[in-house]
Amino acid sequence: MDPIKIIIVDDEPIIRKALKTELNNPSTTVACGMNDDGEIEYRGVEVLDTFANGAQLMAALDSPAEHPMPDYLLLDMEFQGEPTGGIFLADRVHRKYPDIKIAILSGRFDNPLPNEMGRHERMVEIARVVFEALDHGARAFVSKNAAGGFSVENVLRAIESLERGEKYYFNYPVMLTLKEAAELYIKNASQRRTDIAVTDTERSLLLLEAAGCTASEIAVSLHETDKSIQERQKDLSRKLDIVNKSGARIAKALQYGLIDAREIKFLKK
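Definitions and cut-offs
- Residues numbered from 1 in each chain as written.
- Predicted model: local features only at pLDDT ≥ 70, side-chain atom pairs only at ≥ 80, totals over all residues.
- Heavy atoms only, no water.
- Pairing = 2+ DSSP bridges.
- Helix = DSSP H or I, 4+ residues; strand = E, 2+ residues; numbered from the N terminus.
- Contact = heavy atoms within 4.5 Å.
- Axes fitted to C-alpha atoms, helices over the stretch in contact; angles between N-to-C directions.
- Buried < 20%, exposed > 50% of the residue type's maximum accessible area, 1.4 Å probe, protein only.
- Arc of directions from axis to C-beta.
- Core = buried A, V, L, I, M, F, W, Y, C linked by side-chain atoms within 4.5 Å.
- Parallel < 35°, antiparallel > 145°, perpendicular 65-115°, else oblique.
- Nonpolar A, V, L, I, M, F, W, Y, C, P; charged D, E, K, R; others polar.
- Salt bridge = Lys/Arg side-chain N within 4 Å of Asp/Glu carboxyl O.
- pLDDT = per-residue confidence, 0-100.

### Observations concerning the sheet that holds strand β3 (residues 40-51)
- Sheet architecture is open: seven strands sit in the order β2-β3-β1-β4-β5-β6-β7, paired in mixed fashion. Looking at strand neighbours, the two that pair on one side only are β2 (29-34) and β7 (169-170), the edges of this open sheet.
- Inspection of the sheet shows β2 paired to β3 by four bridges, in the antiparallel sense. Paired with Val30 across the strands is Arg43, a residue of β3.
- Where helix α1 (residues 13-23) meets the sheet, it contacts β1 (4-9), β3, β4 (72-76) and β5 (101-106), and its direction lies at approximately 145° from that of β3.

So this is what it looks like as C-alpha cells:
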C-alpha cells in the first residue's frame, strides 16, 4: 500500500525536524484497520515537506505539479505570535482542499493546573478552542508533549484513529477536560427546579424579555396590554422568589431550565 503522505506546519524548527525524522523512519507504520482475512493492515508514513508558516504551505498546495497533495496536515495551533493562528490556516486549507485531514498540534492544554483556581475558565477555554477548530475543518487535536517529552506516538494514534474511520480524535488532556465539562453540565442540570411551572404565555414572555424586548414590545407580540404584561412580570418574579428585575427573571429561568438559551431570538440592532 502507498504510504500516508503528510505535511507539517510549525514555527518551531525543532518540532518540524523531530516529527519529520521520526515519521520518515522506515519502521514507522500506522494500523489502518483489518482486511477481509481478519488481519491488521499497516501503512507506512511519508513526510512530504515541512513549512514554518501558512504562506509557504499554501504556495506548495497551489502547485500540485511540484508538490504532491498530502493526506494529512499536521498544523501547529500557536504560531507566529497568534494563540490560535493555526485554526485560521486550517480554515483556509479546508475550504480549498477539503479532502486533506487536518490535525492540530498543541501543548497549550497539557499542563495540569496546580489547584482548583481557574479550572472552570480552563474548561471553557478548551471547549471554545476545540469547537472553533472543528468548525474550521480540524479533525484531531494532538499533544506535542508526553511524560518524557515530545513523542511522535501522539501523532500516530491520531492518524490511526482517523484511518479506522473515526470522525474525530482528541488527545488525553482535551478529552479529560471535556469530560470534566460534561460532569459540570450534568451537575448544573441536576440543580434545575422541577417544582416551578410556567405557562406557555409566561415562557413566551421570558424568551421575548431575554431577547431584549421592552414590556410594550412584549405586549404587542403577545396581543396583551402593557399593564397585563407588567403584572405577568411581577407574578413571575414572585414565582421565582426574586426581585422584580428583568435580568434576574432571565437568569433564574435559564438556571431552572424554564427556557433554553438556544430558543432566544435576539433582536437586531
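### Digging into helix α10 (residues 246-255)
- Every buried residue belonging to α10 is among Arg249, Ile250 and Ala253, and all of these are buried. In a view along the axis of α10, the buried residues occupy a sector of 95°, so they form one face of it.
- Where α10 is buried, its residues touch α7 (200-210) and α9 (226-240).
- Following α10 by one or two positions, Gly257 has its phi on the positive side, about 75°.

### Observations concerning the nonpolar core
- Judged by nonpolar contacts, the single largest core of 27 residues is most densely connected at Val9, Leu57, Leu73, Val93, Ile104 and Phe141.
- Mapped onto this core, the elements with two or more residues apiece are β1, α2 (54-61), β4, α3 (85-96), β5, α4 (119-135) and β6 (138-143).
- Here Leu73 is in contact with Ile7, Val9, Leu57, Val93, Ile100, Lys101, Ile102 and Ala103, once residues within four sequence places are set aside.
- Counting residues in hydrophobic clusters, the runner-up holds 23 residues, among them Ile4, Leu19, Leu23 and Leu156.

### Remarks on the packing of helix α8 (residues 215-222) against α9
- At a closest axis distance of 8 Å, the pairing of α8 and α9 adopts a crossing angle of 105°. One finds that α8 runs roughly perpendicular with respect to α9. On the side of α8, the interface is formed by Ala215, Ser216, Ile218, Ala219 and Leu222, while α9 contributes Asp226, Ile229, Gln230 and Gln233.
- Split by residue class, the contact of α8 with α9 holds five nonpolar, three polar and one charged.

### Re the environment of Val93
- Along the chain, the position of Val93 falls in helix α3.
- Assessed through its relative accessible area of 0%, Val93 is described here as buried.
- Each C-alpha atom, one on Val93 and one on Ala138, is 9.9 Å from the other, the two residues being 45 residues apart in sequence.
- Excluding residues that lie within four positions of it along the chain, Val93 makes contacts with Leu57, Met58, Leu61, Leu73, Pro98, Ile100 and Ile102.

### Digging into the pattern of salt bridges
- Overall, the coordinates contain 12 salt bridges when judged by the stated rule.
- In this structure, Lys96 engages Asp62 in a salt bridge whose closest nitrogen and oxygen atoms are separated by 3.1 Å. Here Lys96, found in helix α3, pairs with Asp62, found in the loop between α2 and β4; they are 34 residues apart in sequence, far enough to count as distant.
- Classification of Lys96 by relative accessible area gives partly exposed; the value is 48%.
- When its relative accessible area of 37% is taken as the criterion, Asp62 is described as partly exposed.
- Salt-bridge contacts for Glu132 lead to Arg128; the nearest nitrogen and oxygen are separated by 3.6 Å. With Glu132 and Arg128 both in helix α4 and four residues apart, the pair spans about one turn of that helix.

### Structural notes on the pairing of β5
- Among the six residues that make up β5, five are buried, leaving the element largely enclosed by the rest of the structure.
- Summarising the sheet, β4 and β5 pair through five bridges and their orientation is parallel. Bridge pairing in β5 links Asp76 to Leu105.
- Of the strand pairs in this sheet, β5 and β6 are connected by five bridges, and their pairing is parallel. Note on β6: the bridge partner recorded for Ala103 is Ala140.

### Focus: the environment of Ile4
- Within the element layout of this structure, Ile4 appears in strand β1.
- When near neighbours in sequence (up to four residues on either side) are disregarded, Ile4 contacts Val30, Cys32, Arg43, Gly44, Val45, Glu46, Asp71, Tyr72, Ile159 and Glu163.

### Remarks on the confidence of the model for the protein
- In the predicted model, the protein carries a mean pLDDT of 84, and the fraction of residues at 70 or more is 85%.
- Mean pLDDT values for the elements of the protein range from 67 in helix α6 (residues 172-190) up to 95 in β1.

### Regarding the pairing of β6
- Burial runs high along β6: five of the six residues are buried.
- Pairing of β6 with β7 involves two bridges; the strand directions are parallel. Bridging across to β7, Ala140 finds its partner in Tyr169.

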